[in-house]
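A structural walkthrough
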Amino acid sequence: AGARSLADMPMRRVALVRQSAGASHLGSTASGIGVRFTKAGNGSCRIVSIAPGGPASQTQQLRVNDYIHELNGQKVYPMNVSDVVQLILGKHGTVLTLSVSDREEIFPYTQHQQQQQQPQQQQRQQGPNLLSPDDLTKTAGGR
């Protein structure tokens, strides 16, 4: 199976109204959607938990282990976590639209991720640098 594009994915569009979770630990009045996530290997964001009573929980449109691919039409692949958080947080009562799927997809890898994988692949092809018992004897001056 080859790499899949966004057009091939069973994508869902979910619109959630941002709500305040009470006292903000971020020291701001920004509101969110009640999810915690981690960046996945392909740059999408995997939902790891949903806050009880938050917008995501109330609508039941998002599930733990869903993958967020876009926020308000912006792809999350090239973004770091803090940039994604800034897109999720916003003014209380405003709508955030997410494009999500139930699986992590291979596509699209960022150029940075491809560059990180190349040295690992080369290292696997070359194999580890191990000495044989004969090499140890030779280097110890035994033969």
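As the structure is a prediction and not an experimental result, all values here were calculated from the model. (Residues numbered from 1 in each chain as written. Predicted model: local features only at pLDDT ≥ 70, side-chain atom pairs only at ≥ 80, totals over all residues. Heavy atoms only, no water.)

Another point: the pattern of salt bridges. Counted according to the given criterion, the structure contains 4 salt bridges. Between Arg 12 and Asp 66 there is a salt bridge, with the nearest N and O atoms lying 2.5 Å from each other. Separated by 54 residues along the polypeptide, Arg 12 in strand β1 (residues 12–17) and Asp 66 in the loop between α1 (55–59) and β4 (67–71) bring together distant segments of the chain. Accessibility expressed as a relative area gives 22% for Arg 12, which makes it partly exposed. By relative accessible area, Asp 66 is classed as buried at 2%. Members of the salt-bridge network, linked through shared partners, are Arg 12, Arg 63 and Asp 66. (Salt bridge = Lys/Arg side-chain N within 4 Å of Asp/Glu carboxyl O. Helix = DSSP H or I, 4+ residues; strand = E, 2+ residues; numbered from the N terminus. Buried < 20%, exposed > 50% of the residue type's maximum accessible area, 1.4 Å probe, protein only.)

Attention shifts here to helix α2 (residues 81–88). Those residues of α2 lying buried are Val 84, Leu 87 and Ile 88. When α2 is viewed along its axis, its buried side chains cluster within an angular range of 100° and face the same direction. Looking at the buried side of α2, the elements it contacts are β2 (35–39), β3 (45–50), β4, β5 (74–75) and β6 (95–101). (Arc of directions from axis to C-beta. Contact = heavy atoms within 4.5 Å.)

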